[in-house]
Amino acid sequence: MLRSFLDQADHYRVAGWAQDDDQPEAPLSLLLLVDGRLHTRLLANRYRKDLQAAGIGNGRYGFQWDFPHPLPAGNRHVIDIRREADATPIEGSPVIVEPLPGPQIADRDVFVRTLAGLSSAEVECVVDRLVDQVEGVLQHLADRDSRRSRRRHYQWLRERWRREPATPATGEPGKLTATPRALIIDDRLPDPERDAGSTAILSHACSLQRLGFEVTFLAALDFAAVDPRQAVLQSLGIRCCAGPYYASVEEVLSRQAGEFDVVYLHRVANAAKYGELARQYFPQARQVYAVADLHHLRVAREAAVENRPELIGRAQRLRLLEYTAAALADTVITHSSAEAKQLAAHVNATPIHTIRWSARPRPTQIPFERRHGIAFVGGYGHPPNLDAARWLIAEIMPLLRQRDPHLECLLVGDGLPEALRRRSGNGIVVMGKIENLAAIFDRVRLTVAPLAYGAGIKGKVIDSLAAGVPCVCTRIAAEGLDLPAALAGCIATRPEELAAAVHRLHSDEAANLQARQAGLAYIEAEMSEDILDAQMRRALLL
């Protein structure tokens, strides 16, 4: 039996929920057809508190799809959503979407010829009128997107959080109800394959959704009208403000003035550029400054390690910028407990919260004896990773090869300079970018993270522990993670100490197993969705 409902279907989006009674806990795969043609596949796995409150399993049966481009407004469309397994339509499907009323745009060439016969003053008058009409249409679209006339507000949500221990319902099954809204501003659209910051921002966005927010994402440096990364956000139910309807952050803020209840500014550049502007347009919103990492700390350490005094001035400017951004925010989020202490010591008027991201243990199932070697994972366009690769090749690997001449180290990630590529061999194997890191974790016995400088917490360490693969790292690489005592033997400073730790975990199966279990237990205890949601809720409540 298919239990389902198509809540919304129009020129802009489709939304609803679906559950298969035969497999009630399994996400249902759906087909979205537009005018008889397959448009995309949907997975009905979006959490909806209203479904859980109505007794429909665990509530993870919702779906939403925002069309990358609205369907042609002047045409009639048939939207049909069916279960992929047997093409059974969900309840309420298909839907006939009628053409939107409105004037039709004249032929461009005819319009241009008409303008050619007008005086300059008359052309300016026509342009002014067209600009006014376009602005009106764009504002109308922004109002539709924000549901300006019927939206619940964040104050209501905060008051209910205080009264009730559970997250409030956002609606009833079969109905769409407007909810509080959160705006996330980052530099670019998130790409988890690119950096840990993308993983963190997506994890926090999903946490905001579970807490009852509609989430809108804004990439300050990337307003491309078409970008495949937008589909990733849309598949998660996250709206994306981009071209051709918006051309800048300022346009989004002004057109949707007053319509966001939380403004989440990721990285110091965005907090510095848009913090006060967001205050102007959303005076009641709670402003969150999310510190990807303390840039001034990383630059100052780079200056010391690489003996580059010219970086000291930059580090000092960044320090002032980051502390000022933290002081002006309502709440500061940092992933590193070490950086939280540093911020609290210098910015004592703003609440500082250590909030990482969620990760699930996905231990490799390949037994120890069938794996061999080690790996270093990182994008080499990031200076700390490039420095670590040089150190690994020049000093650490020669010490390891003295202990085990057959041991190999895989260099995983893109951007490795040609000068380092030429130094492959003697145990160094350049892998380049790997789409699925699980294939690497299935191959090696442990990873290494010999970072001499950096800031924040390291996604490469978290990914390795979640895969059940121990990681030997420097104190800088482990900083802010609060790793358990059972993993103390994985942390070292000097090259000979790192080589000794790697050799022990590579050759001693019992030691490797102990570190594996400790790492998986850490991920389970410290990085679950429940812990993330509780921490996010606490940060937004204060």
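Everything that follows concerns the structure shown earlier in this document.
Below: a short report on this structure. Keep in mind the model is a prediction, meaning the values are calculated, not measured.

1. Regarding the nonpolar core
Residues Ile 374 and Leu 411 are the most contacted members of the largest nonpolar core, which totals 51 residues. Sort the elements by how many residues they give to this core and helix α12 (residues 383-403) lands first, with 9 residues. Other than its neighbours up to four places away in sequence, Leu 411 contacts Phe 376, Tyr 380, Leu 392, Ile 393, Leu 416, Ile 428, Val 429, Val 430, Met 431 and Gly 432. In this structure, Ala 220, Tyr 274, Phe 282 and Leu 297 belong to the second largest nonpolar core, which totals 34 residues.

2. Some thoughts on the sheet that holds strand β4 (residues 37-44)
What the 4 strands build is an open sheet, ordered β4-β3-β7-β8; its pairing is antiparallel. Each end of this open sheet is capped by a strand with a single partner; those strands are β4 and β8 (95-97). Each adjacent strand pair in this sheet contributes to an overall mean axis angle of 25 degrees, direction not counted. Bridge analysis of strand β7 (residues 77-83) against β8 gives 3 bridges, and the strand direction is antiparallel. Bridge pairing in β8 links Val 78 to Ile 96.

3. Quick notes on the packing of aromatic side chains
Enumeration according to the criterion identifies 2 aromatic pairs in this entry. Judged by centre distance (5.5 Å) and plane angle (80 degrees), the rings of Phe 260 and Phe 282 are edge-to-face. Residue Phe 260 is found in the loop between α7 (249-255) and β12 (262-266), and its partner Phe 282 is found in the loop between α8 (268-281) and β13 (286-291); the two are separated by 22 residues along the sequence. Classification of Phe 260 by relative accessible area gives buried; the value is 2%.

4. Quick look at the sheet that holds strand β16 (residues 374-377)
On the basis of which strands lie adjacent, the open sheet formed by 6 strands has the order β18-β17-β16-β19-β20-β21 and parallel pairing. Only two strands of the sheet have a single neighbouring strand rather than two, namely β18 (428-432) and β21 (491-492). Contacting β16, β17 (409-412), β18, β19 (446-449) and β20 (471-474), α12 crosses the sheet at an angle of about 165 degrees to β16.

5. A look at the pattern of salt bridges
If you walk through the whole model with that rule in mind, you get 27 salt bridges. Arg 48 is the salt-bridge partner of Asp 50, the closest N and O atoms lying 2.9 Å from each other. We note that Asp 50, like Arg 48, is buried. Among the ionic pairs, Asp 330 bridges to Arg 279, the shortest N-O distance being 3.0 Å. Taken together, the positions of Asp 330 in the loop between α10 (312-328) and β14 (331-334) and Arg 279 in helix α8 put the pair 51 residues apart, joining distant regions of the chain. Using a relative accessible area of 21% as the deciding quantity, one classes Arg 279 as partly exposed.

So, how was this worked out
Residues numbered from 1 in each chain as written. Predicted model: local features only at pLDDT ≥ 70, side-chain atom pairs only at ≥ 80, totals over all residues. Heavy atoms only, no water. Core = buried A, V, L, I, M, F, W, Y, C linked by side-chain atoms within 4.5 Å. Buried < 20%, exposed > 50% of the residue type's maximum accessible area, 1.4 Å probe, protein only. Helix = DSSP H or I, 4+ residues; strand = E, 2+ residues; numbered from the N terminus. Contact = heavy atoms within 4.5 Å. Pairing = 2+ DSSP bridges. Axes fitted to C-alpha atoms, helices over the stretch in contact; angles between N-to-C directions. Phe/Tyr/Trp six-rings, centres within 6.5 Å; stacked < 30°, edge-to-face > 60°. Salt bridge = Lys/Arg side-chain N within 4 Å of Asp/Glu carboxyl O.

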